[in-house]
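What follows is the residue order along each chain.
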Amino acid sequence: MERKQIKRALISVYHKDKLDVIIQKLHSEGVEFISTGGTQSFIESLDIPCLAVEDITGYPSILGGRVKTLHPKVFGGILNRRDIVQDKIQIEEYEIPEIDLVIIDLYPFEDTVTAGADEPTTIEKIDIGGISLIRAAAKNYNDVVIIASQDQYEQFFEILSANGAQTTLEDRRWFAKEAFAVSSQYDSSIFNYFDGQEKSAFRYSENNSKVLRYGENPHQLGVFFGKFDDLFEQLQGKEISYNNLLDIDAAVNLINDFDDITFAILKHNNACGIASRPVLVDAWNAALAGDPVSAFGGVLITNAVIDKETAQEITKIFFEVVIAPDYDLEAIEILSQKKNRIILIIKEAKVKTRQFRSLLNGVLIQDKDTHTETVDDLKVVTEKAPTDEEIEDLLFANKIVKHSKSNAIVLAKNKQMCASGIGQTSRVDALRQAIDKANAFEFDLNGVVMASDAFFPFPDCVEIAAEAGITTVIQPGGSINDKLSIEKCNENGLSMVTTGYRHFKH
């Protein structure tokens, strides 16, 4: 396979980490260097000669550093096509040095925005010369190598170590592809900054991809784009699947709403068991009691450190994933006995605040449902008011129903989910499903509270709840028939609170 020699390199970077070994290797292969400002000083500090860009262009860095490399003698050296005679003639006529390698990175625009900098500071972090160099070198990948990110240093150094300062067309095309990924993400970030809340166009970019074993089913391709390792440390276990990721996302979103020590079990993005208790092992046992059948093969999550006693209990069933902020050493020894079991430490619970999905011939986008009701959101609408203990259970149940597939009903008592009815086409069916499940696992429904993710269009759910022994209800309110449901509560001695917040989840 034909290789092209790197004879001259233009290097201008914001971050200098891990660059020294590449420069030293290139120097040992006889490569000449051109650079600017701080990067030139860095190269020279390695006792390696380096030509300043202004010595080539005849112009100093001007306008406070805004214009350094934007010059025909720089871009001509990158964009000239080595196999085009007319290009060669012009290069010689204007004394333009050929540049075979460009190593560049961009001003940290995204980091500056994240840090909350003011607009003038943010604008100055919009790279002009760097992005232009990236695009020029990537366009001319037939002759030029472009390294546009520190993430590519390792692979480039491997090529240098194996082949010296030579690259194949395949190498150069791959680096060009990576360079355009860098530039497109950078431009997307800048656009989103200026677009703000206007949402005039959809731009989203992630450079980090991981091909999964398959999608939801074996015949579907699945890929995850994102930095999973920023959120989790995987201590052991098999490769995480598409369906695992969906459940992990649902689990994190659910547990984020709880401050008390809580344990949850999820299947197909819905909680099949969840409880809050002062002692973690008690929270686990109460969560499991909610539906020990569905718990098989589930995803487990807690907001407390898993200890030995809890680990001994949860290993009595089969599960695929366990997530916690940390584990005792003895707990890890117990949990790691099944080598395929995925054990995750959640580093931070920060997740994106916006959701989007492809559908039809476009993309649907919305803000994530981050509102969690408190006592201040509750409005008592019946003659009877719930007790303090019932209010705690109402808020507990309401957090769960918020994260359950609509139509959804959750039954709870003493901060334990007794049962749920989820994903039903009618609210009545969801309630009946929840009651049937609670009875199947021998829960006493007397004194149980009920949470609904949306209003009751008719009073039938209240009648069914009263017959089952349910004592109090939380729902958003807002139906034209609210009055009928309230009257039915009063007739049957139920209390009801409304929140004004609907939590549909498809």
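To start, this report covers the structure provided alongside it. (Residues numbered from 1 in each chain as written. Predicted model: local features only at pLDDT ≥ 70, side-chain atom pairs only at ≥ 80, totals over all residues. Heavy atoms only, no water.)

This paragraph deals with helix α19 (residues 482-492). Taken together, the buried positions of α19 are occupied by Asp-482, Ser-485, Ile-486, Lys-488 and Cys-489. The arc enclosing the buried residues of α19, seen along the axis, measures out at 160°, which places them on a common side. Projecting away from the buried face of α19 at angles above 90 degrees are the exposed residues Lys-483 and Glu-491. The inward-facing, buried residues of α19 abut α18 (460-468), β22 (472-475) and β23 (495-498). Looking one or two residues beyond α19, the residue adopting positive phi is Gly-493, at roughly 75°. (Buried < 20%, exposed > 50% of the residue type's maximum accessible area, 1.4 Å probe, protein only. Helix = DSSP H or I, 4+ residues; strand = E, 2+ residues; numbered from the N terminus. Arc of directions from axis to C-beta. Contact = heavy atoms within 4.5 Å.)

The subject of this paragraph is the sheet that holds strand β6 (residues 145-147). Spatially, β4-β3-β2-β5-β6 is the arrangement adopted by the five strands of the open sheet, whose pairing is parallel. Each end of this open sheet is capped by a strand with a single partner; those strands are β4 (51-52) and β6. Where strand β2 (residues 8-12) lies against strand β3 (residues 32-35), four bridges are found, and the strand directions are parallel. Residue pairing across strands places Leu-10 opposite Ile-34, the latter belonging to β3. The strands touched by helix α2 (residues 37-45) are β2, β3 and β4; relative to β3, the strand with the most contacts, the crossing angle is about 145°. (Pairing = 2+ DSSP bridges. Axes fitted to C-alpha atoms, helices over the stretch in contact; angles between N-to-C directions.)

Let us now look at the packing of helix α9 (residues 153-163) against helix α10 (residues 169-195). Contact geometry for α9 and α10: axes closest at 12 Å, N-to-C directions at 170°. With respect to α10, the element α9 is oriented roughly antiparallel. Taking contact as the criterion, the partners of Gln-155, Phe-156 and Ile-159 in α9 are, on α10, Asp-171, Trp-174 and Phe-175. When the residues that make up the contact of α9 with α10 are grouped by side-chain class, the tally is four nonpolar, one polar and one charged. (Parallel < 35°, antiparallel > 145°, perpendicular 65-115°, else oblique. Nonpolar A, V, L, I, M, F, W, Y, C, P; charged D, E, K, R; others polar.)

Turning our attention to the pairing of strand β14 (residues 319-324). In terms of burial, β14 is a largely internal element, five of the six residues being buried. Pairing of strand β13 (residues 298-302) with β14 involves four bridges; the strand directions are parallel. Its bridge partner being in β14, Leu-300 is matched across the sheet by Val-322. Pairing of β14 with strand β15 (residues 342-346) involves four bridges; the strand directions are parallel.

The subject of this paragraph is the environment of Asn-439. Inspection of the secondary structure puts Asn-439 in helix α17 (residues 427-440). Measuring from C-alpha to C-alpha, the distance between Asn-439 and Arg-82 comes to 79 Å, with 357 residues separating the pair along the chain.

Before going further, it helps to spend a moment on the pattern of salt bridges. Throughout the structure, instances matching the rule amount to 17 salt bridges. Residues Asp-257 and Lys-402 are paired through a salt bridge, measuring 3.0 Å at the closest nitrogen-oxygen approach. Placement of the pair is Asp-257 in the loop between α12 (242-255) and β11 (262-267) and Lys-402 in helix α16 (residues 388-402), with a sequence separation of 145 residues. The pair formed by Asp-257 and Lys-402 is uniform in burial state, with each residue classed as buried. (Salt bridge = Lys/Arg side-chain N within 4 Å of Asp/Glu carboxyl O.)

This next bit is on a nonpolar patch on the surface. A grouping of Phe-202, Tyr-204, Phe-356, Val-363 and Ile-365 is seen on the molecular surface, where their side chains present a nonpolar patch of about 420 Å² in accessible area. With respect to the helices and strands, Ile-365 occurs in strand β17 (residues 362-367). (Patch = residues over 30% accessible without salt bridge, like charges linked within 9 Å, V, L, I, M, F, W, Y side chains within 5 Å. Areas by Shrake-Rupley, 256 points an atom, 1.4 Å probe, with all protein chains shown as cover.)

In this fold, Asp-105 is placed in the loop between β5 (101-104) and α6 (109-114). Of the side chains with opposite charge, Lys-16 lies nearest to the buried Asp-105, which makes no salt bridge, at 7.1 Å. At a separation of 2.4 Å, a polar atom in the side chain of Asp-105 contacts the main-chain amide nitrogen of Tyr-14. Polar side-chain contacts of Asp-105 include one of 3.0 Å to the backbone nitrogen of His-15. Among residues more than four places away in sequence, those in contact with Asp-105 are Ser-12, Val-13, Tyr-14, His-15, Asp-127 and Ala-148. (Lys, Arg positive; Asp, Glu negative; His and termini not counted. Polar contact = N/O pair within 3.5 Å; in protein donor to acceptor, adjacent residues only side chain to side chain.)

With that settled, the discussion passes to a negative patch on the surface. A contiguous patch of negative charge on the surface is contributed by Glu-233, Asp-326, Asp-328, Glu-330 and Glu-333. Its place among the elements puts Asp-328 in the loop between β14 and α15 (329-335). (Charge placed at Lys NZ, Arg CZ, Asp CG, Glu CD.)

The next thing to look at is the packing of aromatic side chains. In total, this model carries 13 aromatic pairs according to the counting rule given. With 4.7 Å between their ring centres and 25° between their planes, Phe-228 and Phe-232 make a pair best called stacked. Phe-232 gets classed as buried once you look at its relative accessible area, which sits at 5%. Clustering of aromatic rings is evident, with ring pairs tying together Phe-109, Tyr-186, Tyr-193 and Phe-194. A cation over an aromatic ring shows up here: Arg-203 above the ring of Phe-191, its NZ or CZ 5.5 Å from the ring centre. Residue placement shows Lys-399 over the ring face of Phe-258; its charged tip is 5.0 Å from the ring centre. (Phe/Tyr/Trp six-rings, centres within 6.5 Å; stacked < 30°, edge-to-face > 60°. Lys NZ or Arg CZ within 6 Å of the ring centre and 35° of its normal.)

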